[in-house]
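One letter stands for each residue in the lines below.
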Amino acid sequence: MDLTLRQFEEKDLPQMTEIWNEIVIEGISFPGAEPLSLQEAGEMFASQTRTVCALNGEEVVGLYILHPNNIGRCGHIANASYGVKQGHRGEGIGEKLVLHSLNSLEECGFRGLQFNAVVATNHRAIALYERLGFVRVGVIPGGYHLKNGQYEDIIIFYHGLPEKA
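Residues numbered from 1 in each chain as written. Predicted model: local features only at pLDDT ≥ 70, side-chain atom pairs only at ≥ 80, totals over all residues. Heavy atoms only, no water.

Asks: I would appreciate a short explanation of the pattern of salt bridges in the present structure.
Replies: Oppositely charged side chains are able to pair whenever their charged atoms sit close together. By the definition in use, this model includes 9 salt bridges. Notably, a salt bridge pairs aspartate 12 with arginine 6, separated by 2.7 Å at the nearest N-O pair. Measuring nitrogen to oxygen at the nearest pair gives 2.7 Å for the salt bridge that ties glutamate 26 to arginine 89. Here arginine 89 lies in the loop between strand E4 (77-84) and helix H3 (93-104) and glutamate 26 lies in helix H1 (residues 13-26), a separation of 63 residues in the sequence. Each member of the salt-bridge network shares a partner with another, and the members are Arg6, Glu9, Lys11, Asp12 and Glu58. (Salt bridge = Lys/Arg side-chain N within 4 Å of Asp/Glu carboxyl O. Helix = DSSP H or I, 4+ residues; strand = E, 2+ residues; numbered from the N terminus.)

In structure tokens, the structure reads:
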């Protein structure tokens, strides 16, 4: 696969929204409970510090959003969300998205990246984050309400700025 990562463009919105909503509807990882309309998604993607698409030709196969985790005196720590299109998961796209976001931190004015709610059953994401040097900060018992009605623990992860070569 010839993967290109770039800032999203208006023409990408329908495919990006489809990926985002697939994950929301699955109800096992993203915090949102309702799918976004194209307009809502466009506003959300445009409001981020950085929104990047992973493209295979003209097909959007993944995306990430990067933004401050908090405001004011805590605004130098970023937060991110990643999405990979169904049918393309397990192809290494997620890893490329995470690495790209880590390499974008300093340019975007951030000193680190924090994930507030990695669902404990999201084993692939957890393995990836730990392999890339993220540190487990803590666990919130029952912090995520799964679509099936059960509650699952969430893990908080942190990664400082990547080392410069």
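There's more to say after this.
Asks: Is there a simple way to think about the environment of leucine 128 in this case?
Replies: Within the secondary structure layout, leucine 128 lies in helix H4 (residues 123-131). Looking at leucine 128, the relative accessible area reads 12%, which means it is buried. Along the sequence, leucine 128 and glycine 94 sit 34 residues apart, while their C-alpha atoms lie 8.5 Å from each other. With residues near it in sequence (within four places) discarded, leucine 128 still touches Gly94, Glu95 and Val98. (Buried < 20%, exposed > 50% of the residue type's maximum accessible area, 1.4 Å probe, protein only. Contact = heavy atoms within 4.5 Å.)

Asks: Help me understand the packing of aromatic side chains, please; the structure alone is not making it clear to me.
Replies: Two descriptors summarise a pair of aromatic rings, namely the distance from one centre to the other and the angle between the planes of the rings. According to the stated counting rule, one finds 9 aromatic pairs in the structure shown. Relative to phenylalanine 115, the ring of tyrosine 82 has its centre 5.9 Å away and its plane inclined at 90 degrees; by these criteria the two rings are edge-to-face. Of the two residues, tyrosine 82 is situated in strand E4 and phenylalanine 115 in strand E5 (residues 112-119); the sequence distance between them amounts to 33 residues. With relative accessibility at 13%, the residue tyrosine 82 sits in the buried group. Judged by its relative accessible area of 4%, phenylalanine 115 is buried. Seen from their ring centres, tyrosine 129 and phenylalanine 157 are 5.8 Å apart, and the 65 degrees between their planes marks the pair as edge-to-face. Remark: phenylalanine 157 occurs in strand E7 (residues 151-160) and tyrosine 129 occurs in helix H4; sequence separation between them is 28 residues. On the accessibility criterion, phenylalanine 157 (0% relative accessible area) is buried. (Phe/Tyr/Trp six-rings, centres within 6.5 Å; stacked < 30°, edge-to-face > 60°.)

Asks: Which parts of the structure should I look at to understand the pairing of E7?
Replies: For a regular strand, side chains alternate in direction, first toward one face of the sheet and then toward the other. Strand direction decides the pairing type here: E5 and E7, joined by 6 bridges, are antiparallel. Each residue of the ladder has a partner; that of glutamine 114, found in E7, is tyrosine 158. Strand direction decides the pairing type here: strand E6 (residues 135-145) and E7, joined by 7 bridges, are antiparallel. Counterpart to valine 139 in the pairing with E7 is isoleucine 155. Counting the residues between successive antiparallel strands, the hairpin from E6 to E7 contains 5 residues, one of them, glycine 149, with a positive phi of roughly 95 degrees. (Pairing = 2+ DSSP bridges.)

Asks: For this particular structure, what's the right way to read the packing of H3 against H4?
Replies: Between two packed helices, what matters for the description is the angle formed by their axes and the separation of those axes. Where H3 contacts H4, the axes come no closer than 11 Å and their chain directions differ by 45 degrees. Here H3 lies oblique to H4, going by the angle between them. As for the relative orientation of H3 and H4, their crossing is right-handed in sense. Residue-level contacts link Gly94, Glu95 and Val98 of H3 to Leu128, Tyr129 and Arg131 of H4. Taken together, the residues of the contact of H3 with H4 sort by class into 3 nonpolar, 1 polar and 2 charged. (Axes fitted to C-alpha atoms, helices over the stretch in contact; angles between N-to-C directions. Parallel < 35°, antiparallel > 145°, perpendicular 65-115°, else oblique. Left-handed = near helix turned anticlockwise from the far one by under 90°. Nonpolar A, V, L, I, M, F, W, Y, C, P; charged D, E, K, R; others polar.)

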